[in-house]
Amino acid sequence: MSVMPFHLAIPVTSLVASKAFYGELLGCEQGRSSENWIDWNFFGHQLVTHLVAAMPSQPAPNKVDDKAVPVPHFGVVLKMKDWQNLAHRLQAAEVSFVIEPYVRFKGQPGEQATLFLLDPCGNALEFKAFNDIGQLFAG
């Protein structure tokens, strides 16, 4: 399966904080930018952080696997080793997680490693991985 990169533009209230989070913490390469936005290579996808005066209000989370999953959220599916490395790097940086790294749906269809965190402006991100990528859309 060949998948083209997605493009996602998100609001942020600080480009300086975005540089620290996406560039330094997550290790995303910075692309084009202006005084109002920054393009990021977000794990092979195009993420744009756009400067706004205030963040929109967040809706209530959804309950999944007895956890409060933030809505909306975005993220990527990584290879398991890459997910483990990222989880360890975030833990070493003492990041505050919305949902700590764990294995969701253990022993069930769709079993996956997952973690949730917020960027400095409150955008929710999920990083996940599967031992069997064939379980990505398991019902």
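Residues numbered from 1 in each chain as written. Predicted model: local features only at pLDDT ≥ 70, side-chain atom pairs only at ≥ 80, totals over all residues. Heavy atoms only, no water.

- Identification of the protein as Probable dioxygenase from Paraglaciecola mesophila KMM 241 is taken from an unreviewed UniProt entry.

1. A closer look at the nonpolar core
At step 1: Counting 29 residues, the largest nonpolar core has Y22, L26, F42 and F127 as the members making the most contacts within it.
At step 2: Mapped onto this core, the elements with two or more residues apiece are β1 (7-12), α1 (15-25), β3 (37-42), β7 (74-78), α2 (80-92), β9 (112-118) and β10 (124-129).
At step 3: With five residues, the top contributor of residues to this core is α2. (Core = buried A, V, L, I, M, F, W, Y, C linked by side-chain atoms within 4.5 Å. Buried < 20%, exposed > 50% of the residue type's maximum accessible area, 1.4 Å probe, protein only. Helix = DSSP H or I, 4+ residues; strand = E, 2+ residues; numbered from the N terminus.)

2. Remarks on the domain arrangement of the protein
Where interface size is given, it is often the accessible area lost as the parts come together that is meant.
At step 1: Split into domains, the protein comes out as domain 1 (1-52) and domain 2 (61-138).
At step 2: Just the C-alpha atoms count here: the centres of domain 1 and domain 2 sit 19 Å apart.
At step 3: With 17 residues of domain 1 at the interface, the matching set in domain 2 holds 17 residues.
At step 4: Counting the surface domain 1 buries against domain 2, the share from its top three residues, F21, L25 and F43, is 38%.
At step 5: Taken together, the connections running from domain 1 to domain 2 amount to zero salt bridges.
At step 6: Of all the secondary-structure elements, those providing two or more residues to the side of domain 1 that touches domain 2 are β1, α1 and β4 (45-51).
At step 7: In the side of domain 1 that touches domain 2, the residues fall into 13 nonpolar, four polar and no charged. (Domains from an automatic or database assignment. Contact = heavy atoms within 4.5 Å. Buried area = accessible area lost by both parts, 1.4 Å probe. Salt bridge = Lys/Arg side-chain N within 4 Å of Asp/Glu carboxyl O. Nonpolar A, V, L, I, M, F, W, Y, C, P; charged D, E, K, R; others polar.)

3. Concerning the sheet that holds β9
At step 1: In spatial order, the strands read β7-β10-β9-β8; together these four strands make up an open sheet with mixed pairing. The sheet is open, and its two edges are formed by β7 and β8 (97-104), each paired on a single side. Here the strands of the sheet are splayed against their neighbours by 10° on average, with no regard to which way each runs.
At step 2: As judged from the five bridges shared by β7 and β10, these two strands associate in the parallel manner. Bridge pairing in β10 links V77 to K128. (Pairing = 2+ DSSP bridges. Axes fitted to C-alpha atoms, helices over the stretch in contact; angles between N-to-C directions.)

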